[in-house]
Amino acid sequence: MPSPALSRRLLLRSALGAGAVAGLGPLLAACGDGGASTALPAGAPADLTGVTIRAMVNQPHVLAFTELLAPAFEREFGGRLETTAVPYDQLTSQQILDVQGGAGQFDVFDYFYFGLGALVDAGALVDLTDQLGPDVSADFLPSVLDAYTLLDGRRYGVPFDGDVHVLYYNREVFETYGLAPPATWDEYDAAARTITERSGGSVYGAVVEGQQVPMILGCSFINRLAGYGGALIGPDGAPTLTSDAARAALQHLVDVSPYALPTPLQIGFDQANSAFLSGQAAMLDTWTDLGLKAQDPASSQIVDKWGVVPLPVGGTNTEHRTALNAGFGLGVSTAAADPAVAAAFVTWATDPTRNLLLASTAGSGIDPARRSTLESPDYARVSAPATEVIRAGLEGSPLVWPKSKDAPRLLQDLVDQLALAIAGTQTPQQSLANAQASWERALA
C-alpha cells in the first residue's frame, strides 16, 4: 500500500522545520488545552476486523508500515492501514499540531521517546496504563520499556523500535591499512586519519553525522559522551554538559571532522548510510539495522566486507556503553476516531511476531524492543555478525535521553551549540557553557 501524500495542511505545517516544538507555545495555548490527555480504561481488546487505522510515522519507518504491517493487517483482519510519513525533524511538532490544531487526522502516532513529555503536556497521547495492565512488561526489554513509554508513573505507549548505536567498520579497508577495529576513541581518531590520508581521500576514515537536529548530531555527541563515561543529566536532575566527559566528547567531534566525510554538518541519516554502504567511508556509528542493509546486495557494495564493535570508550572510562538514541513507541492520539480500536492496533503492531518480523527485515528501520526478538535464532541469523554487540548494548544500561516537556527544545539548543563548535565559529567550551545555561534555566 503506497504511503498517502502529506495533506495540504501538513505540507503547510512542515515549514515549521527542525526544532519546531520550541516555538509552539503561543500557538498551542490558542489551539487547545495542553496536558488534558485521555485515560483509556482496562478492558478486552477491541475488535480490529475491517477497521481503518490512520498512522503518522517517522519517515525512515515507512517500509515497516507500508510493506510489512499493512499487508499483514489486511490479511489478518481485513483492515486498512493508512500511513503518512513525516521527516524526523518535524515529527513531534506535527503530532502535537494534528491534535491541538483540530485536524485530528490520525489514530496512532509513531513517536520519539524524547518527545513523550511534550506530547503528554500537549494532551496529544492517550493514557494506556490501565488498558495495557501490568503484563505489558513481560517480554519487553527493561532498558527500553519505561524509557520509551512511562512518564510520571503513567504509560502512554508501547515500545516499537529499540534504538541503540554500535560502530560499523569496513573490514576490507582496515585490513588494507593494517588496522584493528577501534576499542577507544583515540584509536578511532588514529584509524580515521590513517585511512583518509593514505587513501588520498578516495576513502574517508569516518562519517560524522552532523545534521543539526537531535536525532543526528545529538546522537553523534551522545555516543561519545557515553564513551567518555558522561551523562546529559546527573543523579540530582541537574544538567552535566560542562563535565570533563562532555568536553572530551565535543572536542573529539571537532578534531575528527577534517578526516571524515566532507561537510559533516550537512550529513544526515541517508547520506551517512550511503557513504558507508558504497565503501566511500570506513567507519560509522549508527543504528543496529545497518548490518541488515550491509548484507543486502541490492543496497550494499560491502557484503561480507564489514564488521561491528561496541561504541569506543575514552578518557578514564573503560566500560563500553551505548545510548538509547532516538527510540520510538507507538501511542494512541487523543484525536483518534476510536481510541480503544487504536490501542488494539498498537498492541498488535508491537507484539512478538511483528517485532521479530520488522527487526529481521532490511530497510524497516526497526530494531529489537523485545527479549524474544533479541534471543531469536531467526533474528541472530540475519543480524550476524552484529548480534552479540546489539544484545550487549540493549541488555546493558544505555544512556537515556531526557523526555520532559522541554526536552525537544533543550536537545535542539544543545545541537545548535554543538554545530557552532564543529563549524569553528565558537570554542567547544563556550558551546557547552551556553547549552548548560539553557538547560539550567529550564530545569531549575
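This one's a predicted model, so the numbers in the text were calculated from it and none came from an experiment.

What counts, and at which threshold
- In this convention, every chain numbers its residues from 1, walking through the sequence in written order.
- Only residues with pLDDT of at least 70 are given local features in this predicted model, and only at 80 or more are side-chain atom pairs given and counted; all residues enter the totals for whole chains, interfaces and linings.
- Think of the side-chain values as coming from all heavy atoms in the structure, minus any hydrogens and water.
- One requirement defines pairing of two strands: DSSP has to find at least two bridges between them.
- Only DSSP runs of H or I with at least four residues qualify as helices, and only runs of E with at least two residues qualify as strands; both kinds are numbered from the N terminus onward.
- For helices, the axis comes from a line fit to the C-alpha atoms of the stretch in contact; other axes are also lines fit to C-alpha atoms, and the angle between any two N-to-C directions lies between 0 and 180 degrees.
- Should any heavy atoms of two residues lie within 4.5 Å, those residues are counted as being in contact.
- The buried label applies to any residue whose accessible area, calculated with a 1.4 Å probe on protein chains only, is under 20% of its type's maximum; exposed applies above 50%, and partly exposed to all values in between.
- The directions from the helix axis to the C-beta atoms are what the arc is built from.
- Under the rule applied, a polar contact is a pair of N or O atoms within 3.5 Å (in protein, one hydrogen donor and one hydrogen acceptor; residues adjacent in sequence only if both atoms are side-chain atoms).
- We define a nonpolar core as any set of buried Ala, Val, Leu, Ile, Met, Phe, Trp, Tyr and Cys residues linked to one another through side-chain atoms lying within 4.5 Å.

**Q** Explanation requested: the sheet that holds strand β1 (residues 52–58) in the structure shown.
**A** Within a beta sheet, neighbouring strands are joined by backbone hydrogen bonds and run either parallel or antiparallel to one another. On the basis of which strands lie adjacent, the open sheet formed by 5 strands has the order β2-β1-β3-β10-β6 and mixed pairing. The two strands at the open ends of the sheet, each matched to only one other strand, are β2 (80–86) and β6 (158–161). When strand polarity is set aside, the average angle formed by the axes of neighbouring strands in this sheet is 30 degrees. Relative to strand β10 (residues 328–332), strand β3 (residues 108–112) is paired through 5 bridges, and the arrangement is antiparallel. Paired with Asp110 across the strands is Leu330, a residue of β10. In the packing of helix α3 (residues 62–77) onto the sheet, contacts are made with β1, β2, β3, β6 and β10, and the angle to β2 comes to roughly 175 degrees.

**Q** What is the right way to read unusual backbone geometry from this model?
**A** Generally, phi is negative for residues other than glycine and the peptide bonds are trans, each holding for most cases. Each neighbour pair has its own omega, and for Ala384 with Pro385 the value is 5 degrees, a cis peptide bond. Among the structural elements, Pro385 can be located in the loop between α17 (377–383) and α18 (387–395). For Thr263, which is not glycine, the phi torsion reads 50 degrees and is therefore positive. On the secondary structure map, Thr263 appears in the loop between α11 (244–256) and α12 (269–277). Taking the relative accessible area as the measure of exposure, Thr263 reaches 44% and is therefore partly exposed. The backbone of Asp304 shows a phi angle near 65 degrees, a positive value even though the residue is not glycine.

**Q** In this structure, what is going on with helix α15 (residues 352–359)? I would like to understand it.
**A** Owing to its 3.6 residues per turn, the α-helix brings residues three or four apart onto one side. Taken together, the buried positions of α15 are Arg354, Asn355, Leu358 and Ala359. Along the axis of α15, the buried positions cluster into a sector of 120 degrees, meaning they face one direction only. Here the buried face of α15 lies against α3, β6, α13 (290–294), α14 (339–349), α16 (371–374) and α17. With a side-chain oxygen positioned 3.2 Å from the backbone nitrogen of Thr353, the residue opening α15 is Asp351.

**Q** I keep staring at the nonpolar core and nothing clicks. Help me out?
**A** Within soluble globular proteins, side chains that are nonpolar tend to cluster in buried spots. Core analysis: the largest hydrophobic core is formed by 104 residues, its most contacted members being Phe221, Leu232 and Met283. Those residues in contact with Phe221 that lie beyond four places of it in its chain are Leu232, Ala246, Ala249, Leu250, Leu253, Leu414, Leu418 and Leu432. Formed by 40 residues, the second largest nonpolar core is a distinct cluster that contains Leu48, Leu68, Leu128 and Phe140.

**Q** Can you walk me through α18 in this structure?
**A** Residues of α18 that are buried: Thr387, Val389, Ile390, Arg391, Gly393 and Leu394. In this structure, the buried residues of α18 make contact with α7 (142–149), β7 (165–170), β9 (306–309), α16 and α17.

**Q** Just checking my understanding: could you explain the side chain of Gln100 for this structure?
**A** By the secondary structure assignment, Gln100 is in helix α4 (residues 91–100). At a separation of 2.5 Å, a polar atom in the side chain of Gln100 contacts the main-chain carbonyl oxygen of Ala122.

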